[in-house]
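# Notes for the structure review
This is what each chain is made of:
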Amino acid sequence: MPDTVTRGHKKRARTRRQLLDAGFAVLADKGAITVSDVVEAAGLANGTFYNYFDDRDALLDALAAESLRELADRAAADTEGADPAVRFAVASLRVLERAAADQRWGRVLVRLTDPPRSSRRALARHLRHDLADGHAQGRFRWADDDPTLDLVVGTLMTAVRRLAWGAPRPGYPAEVVARLLAVLGVDEAEAGTLVDTVRP
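Here the structure is a predicted model, which means the values were calculated and not measured.

### Let's talk about a nonpolar patch on the surface
Together, W142, L151 and V183 make up an exposed nonpolar region whose accessible area comes to about 230 Å². Secondary-structure assignment places L151 in helix α8 (residues 146–165). The class for L151 is partly exposed, based on a relative accessible area of 34%.

Here you go:
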């Protein structure tokens, strides 16, 4: 039987999108999120929410994944087969540059990735691969163990926080990524050159 997209599928996708958009808006405006606030903002009934998400945390997980998935997937596709240090730099820069260009997005990302387990899960999909690959190729000092993930994700999220609630000088995202590369084991001069090469 061929896969076809029916009106029901389209309506279901639209409703899910409404809930996600409403969740994003509520989180951006209030800094916290409840199911009641989301359904009110979406103009939907309370019961409708539970047709799409088990609870508030499931919505938050979906928002966190969606906020980063597109950026991470595009960075991975754009750098497929490249040096792991280049892949790491491109993905990290895209997250920080997005936070600098869209402070509202950055604020929502910070709120979504607290507690830390959420940020690790949201950021770790491609990051784990890049760290393991970089270590295997001798580019990085450490692999994808918990302390290294904590170091990288913690630094990136602190930088996103600074970008979302402040006005750091131009070049701040590139400096953060270059220093992370140096900490991971890339020669400091090479790290700076590499980041300059991949900057948008």
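### Quick look at helix α9 (residues 172–184)
Along its 13 residues, α9 runs 18 Å from first to last C-alpha, staying within 8% of the 18 Å computed at 1.5 Å per residue. What α9 keeps buried is the set Y172, P173, A174, V176, V177, A178, L180, L181 and L184. Note on α9: the residue one or two positions beyond its end, G185, has a positive phi of about 125°.

### Some thoughts on the packing of helix α5 (residues 84–101) against helix α10 (residues 188–198)
As a packed pair, α5 and α10 sit with axes 10 Å apart at the nearest point and diverge in direction by 60°. The pairing of α5 with α10 is recorded here as oblique in orientation. Classified by chirality, the crossing of α10 by α5 is right-handed. Residue-level inspection shows A85, V86, A89, V90 and L93 of α5 in contact with α10, the latter providing L194, V195 and V198.

### Some thoughts on the environment of L96
Residue position: L96 is located in helix α5. We classify L96 as buried; its relative accessible area is 0%. On a C-alpha basis, the gap between L96 and G106 in space is 8.5 Å, while along the polypeptide they are ten residues apart. The contact partners of L96, leaving out residues within four places of it in the chain, are L156, A159, V160, L163, P173, V176 and V177.

### Quick word on the layout of surface pockets
By volume, the second largest pocket amounts to about 220 Å³. Lining the second largest pocket are R17, L20, D21, F24, L63, E66, S67, E70, L71, R98, D102 and W105. Of all the elements in the fold, those that place two or more residues in the lining of the second largest pocket are α1 (7–30) and α4 (56–78). The element best represented in the lining of the second largest pocket is α4, accounting for five residues. Here the lining of the second largest pocket is composed, by residue class, of five nonpolar, one polar and six charged.

### Concerning the side chain of D130
With respect to the helices, strands and loops of the structure, D130 is situated in helix α7 (residues 116–136). A relative accessible area of 7% places D130 in the buried class. A distance of 2.8 Å separates polar atoms of two side chains, one belonging to D130 and the other to R87. Once residues lying within four places of it in the same chain are set aside, the contact partners of D130 are P84, R87, F88 and F140.

### Description of the packing of aromatic side chains
Applying the stated criterion to the full structure yields three aromatic pairs. Between F49 and Y50, the aromatic rings sit 5.1 Å apart at their centres with planes inclined by 80°, giving edge-to-face as the arrangement. The class for Y50 is partly exposed, based on a relative accessible area of 43%. Relative to F140, the ring of F88 lies with its centre 6.1 Å away and its plane at 70°, an arrangement referred to as edge-to-face. Highlighted residues: F88 in helix α5 and F140 in the loop between α7 and α8, separated in sequence by 52 residues. Both residues of the pair, F88 and F140, count as buried.

### Points about α5
Counted at 1.5 Å a residue, the expected span for α5 with its 18 residues is 26 Å, and the 26 Å between its end C-alpha atoms agrees. If you check which residues of α5 are buried, you get P84, A85, R87, F88, A89, V90, S92, L93, V95, L96 and A99.

### Digging into the environment of R17
Tracing the backbone through its elements, the reader meets R17 in helix α1. Its relative accessible area of 33% is what places R17 among the partly exposed residues. Distance in space between the C-alpha atoms of R17 and A42 is 9.5 Å, their sequence separation being 25 residues.

The rules behind the values
- For every chain, the first residue of the written sequence is number 1, and numbering continues from 1 along that sequence.
- Note on the predicted model: pLDDT of at least 70 is required for a residue's local features to be given, and 80 or more for side-chain atom pairs to be given and counted; whole-chain, interface and lining totals, by contrast, use all residues.
- The side-chain figures draw on all heavy atoms in the structure; neither hydrogens nor water molecules are used.
- Residues form patches when they are more than 30% accessible in relative terms and have no salt bridge. Like charges link within 9 Å. Nonpolar side chains (Val, Leu, Ile, Met, Phe, Trp, Tyr) link within 5 Å.
- The accessible surface values rely on the Shrake-Rupley method and a 1.4 Å probe; as for residues, cover is taken only from the protein chains in view.
- By definition, a salt bridge exists where a carboxyl oxygen of Asp or Glu is found within 4 Å of a side-chain nitrogen of Lys or Arg.
- Elements are defined by DSSP. Helices are runs of H or I of four residues or more, strands are runs of E of two residues or more, and each kind is numbered from the N terminus.
- Working definition: with a 1.4 Å probe on protein chains only, accessible area under 20% of the residue-type maximum means buried, over 50% means exposed, and in between means partly exposed.
- One less than the number of residues in a helix, times 1.5 Å, gives the span that helix is expected to have.
- Axis geometry follows a simple rule: fit a line to the C-alpha atoms, using only the stretch in contact for helices, then measure angles between N-to-C directions, giving values from 0 to 180 degrees.
- Angle categories are assigned with fixed cut-offs, so that under 35 degrees is roughly parallel, over 145 is roughly antiparallel, 65 to 115 is roughly perpendicular, and the rest are oblique.
- Definitions for this section: a left-handed crossing has its near helix turned counterclockwise from the far helix by less than a right angle. A right-handed crossing has that turn clockwise.
- For this analysis, residues touch if any pair of their heavy atoms sits within 4.5 Å.
- Of the two site types, the cavity is a set of points on a 1 Å grid over the protein atoms alone where a 1.4 Å probe fits but cannot get out, and the pocket is an open set with protein on both sides within 12 Å along at least five of seven lines, each lined by residues with an atom within 4 Å of a point.
- Grid points are joined across faces, edges and corners, and a volume is the space filled by probe spheres set on the points.
- We call Asp, Glu, Lys and Arg charged. Ala, Val, Leu, Ile, Met, Phe, Trp, Tyr, Cys and Pro are nonpolar, and the rest, Gly among them, are polar.
- Each polar contact in these results corresponds to two N or O atoms within 3.5 Å; when the atoms are within protein, one needs to be able to donate a hydrogen and the other to accept it, and residues that are neighboring in sequence are counted only if both atoms are side-chain atoms.
- Between the rings of Phe, Tyr and Trp (Trp by its six-membered ring), a pair exists once the centres lie within 6.5 Å; its type follows the angle of the planes, with under 30 degrees stacked, over 60 edge-to-face, and the other angles tilted.

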